[in-house]
Amino acid sequence: MREVVVKIKQNKKIAPGVYKLVLKGDVKDCNRPGTFVHIQIDGCYLRRPISICDVNRDELTLLYKVLGRGTDILSRQKGSLNILTNLGTGYNLKKAKKHTLLIGGGIGIPPLFMLAKELIKKGVSVTTIMAFNTKAEMFYVNEFKKLGAKVLVTTVDGSYGIKGFAMDAMKNLKYDYLYTCGPMPMLKAIYKMTEGLGEYSLEERMGCGTGTCMGCTLETRSGPKQVCKHGPVFPGKELLW
Ligand SMILES: Cc1cc2nc3c(=O)[nH]c(=O)nc-3n(C[C@H](O)[C@H](O)[C@H](O)COP(=O)(O)OP(=O)(O)OC[C@H]3O[C@@H](n4cnc5c(N)ncnc54)[C@H](O)[C@@H]3O)c2cc1C
Ligand code: FES
């Protein structure tokens with residue numbers, strides 16, 4: 001864990017309620033897909049955790065959705081930000097197999113971007129399912145395509161791509177490993193459908209973000225674990241679902 005002050009290079013809306021935040025500074029350790037930074041926001045006592053979406057030398061990209069007070073203030077923030085970097089354990093890229101599936105639901109999509117980028121660099125063939133409610137809420141579809149990932153989009157209302165949920169797109173696909181991040185009902189449905197195949201990034205409300213307050217404790221098959229320190233990514237076989 002490292003505390004750094006970074007400059008806000010860009011903080012712009014890319015979809016309804018979703019912002020792209022580009023930070024410039026010493027972010028060299030933000031290079032593990034699935035890990036996160038903890039952002040200090042003016043007027044908020046607790047920091048807010050946001051996944052690393054991408055990093056290029058001294059530029060870190062985060063995508064976040066305005067949900068409550070903290071992210072609302074963040075969407076108007078200019079100047080600089082104090083962040084804690086290099087938090088959590090990320091996805092285990094060594095586990096990727098020939099037919100690797102990435103499944104992102106809504107604002108769970110961002111950490112899969114750097115994961116797709118790194119897997120493709122290693123020569124893994126990546127299929128990404130991007131699940132949204134409607135066409136109007138879509139973001140980053142072209143960015144994934146530009147990486148060279150095969151992309152399937154689902155929308156609940158059928159306004160774009162496959163009508164339904166991520167699991168509807170999975171039905172006709174061949175895959176031997178998966179990485180996922182998204183809303184809990186989606187993660188649990190994927191877990192049930194695949195008997196816990198792959199790795200699941202969980203979202204918990206966080207206090208310290210560094211494993212000391214125990215505020216994010218999760219009971220797993222190998223005992224209690226802190227989502228911020230031992231996660232947020234857990235192998236499916238560890239989860240008690
Ligand atoms: C490891 C990790 C990575 C994350 N990555 C991203 C990301 O890349 N982009 C993004 O937009 N969000 C991400 N989140 C969720 C993000 O941290 C919360 O949306 C944010 O903290 C909400 O702050 P707020 O002050 O705006 O909302 P609050 O006023 O604190 O809460 C607003 C609503 O959001 C819910 N909420 C708050 N925090 C969380 C949380 N941690 N998980 C689930 N629900 C929450 C509350 O229950 C409430 O209903 C991540 C969370 C974790 C734990
Ligand atoms: S948030 Fe404090 S231990 Fe995880």
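Residues numbered from 1 in each chain as written. Chains lettered and ligands numbered in written order. Predicted model: local features only at pLDDT ≥ 70, side-chain atom pairs only at ≥ 80, totals over all residues.

Draft legend 1. Just the overall build of the chain, in detail. Across its full length, the chain carries five helices and 16 strands. Compactness check: the chain gives a C-alpha radius of gyration of 17 Å against a globular reference of 18 Å for 241 residues, within 12% of the reference. Sorting the 241 residues of the chain into buried and exposed places 41% on the buried side. By sequence separation, contacts in the chain at least 24 residues apart represent 60% of the contacts at least 6 residues apart. (Helix = DSSP H or I, 4+ residues; strand = E, 2+ residues; numbered from the N terminus. Rg over C-alpha atoms; globule rule 2.2 N^0.38 Å. Buried ≥ 20, exposed ≤ 12 C-beta atoms within 10 Å, placed from the backbone. Contact = placed C-beta atoms within 7 Å.)

Draft legend 2. A look at unusual backbone geometry. Here the residue pair glycine 231 and proline 232 is connected by a cis peptide bond, since its omega of 5 degrees sits within 30 degrees of zero. With respect to the helices and strands, the residue proline 232 is situated in the loop between strand E15 (223-226) and strand E16 (233-235). We note that asparagine 86 has phi near 60 degrees; this positive angle belongs to a residue other than glycine. Asparagine 86 gets classed as partly exposed once you count the C-beta atoms within 10 Å, which come to 17. Non-glycine residue methionine 214 carries a positive phi angle of around 70 degrees. Along the chain, the position of methionine 214 falls in the loop between strand E13 (199-201) and strand E14 (217-220). Under the C-beta neighbour-count criterion, methionine 214 is labelled exposed, with 12 such atoms within 10 Å.

Draft legend 3. Fine view of the pairing of strand E9 (residues 125-132). Taken across its eight residues, E9 has seven buried, putting it largely inside the fold. Note that the unit made of strand E8 (residues 99-105), helix H2 (residues 110-121) and E9 has a crossover that is right-handed. Note: E9 against strand E10 (residues 150-155), six bridges, orientation parallel. By the bridge assignment, alanine 131 is partnered in E10 with threonine 154. On the question of chirality, the crossover connecting E9 to the parallel E10 by way of helix H3 (residues 141-147) is right-handed. (Right-handed = clockwise from strand over helix to strand, strands pointing away. Pairing = 2+ DSSP bridges.)

Draft legend 4. Quick look at the site of ligand 1. In the neighbourhood of ligand 1, 20 residues make up the surrounding shell, with Ser51, Tyr64, Gly68, Gly70 and Thr71 lying closest. For the shell around ligand 1, the elements supplying multiple residues, two or more each, are strand E4 (48-51), strand E6 (59-65) and helix H1 (69-76). Top element by residues in the shell around ligand 1 is E4. It accounts for four residues. Broken down by class, the residue content of the shell around ligand 1 amounts to 10 nonpolar, four polar and six charged. (Near = placed C-beta within 6 Å. Nonpolar A, V, L, I, M, F, W, Y, C, P; charged D, E, K, R; others polar.)

Draft legend 5. Main features of the domain arrangement of the chain. The domain architecture assigned to the chain consists of domain 1 (2-87) and domain 2 (93-201). Distance from the C-alpha centre of domain 1 to the C-alpha centre of domain 2: 23 Å. Among the elements that make up the side of domain 1 that touches domain 2, the one with the highest residue count is E6 (three residues). Counted by class, the side of domain 1 that touches domain 2 contains 10 nonpolar, two polar and two charged residues. (Domains from an automatic or database assignment.)

Draft legend 6. Broad picture of H2. When the terminal C-alpha atoms of H2 are compared, their 18 Å separation across 12 residues agrees well with the 16 Å that a helix rising 1.5 Å per residue should span. Across the 12 residues of H2, nine count as buried, placing the element largely inside the fold. Three or more residues of H2 are buried, namely Pro110, Pro111, Leu112, Phe113, Met114, Leu115, Ala116, Lys117 and Leu119. A positive phi of about 90 degrees marks glycine 123, the residue just after H2. (Expected span 1.5 Å × (residues − 1).)

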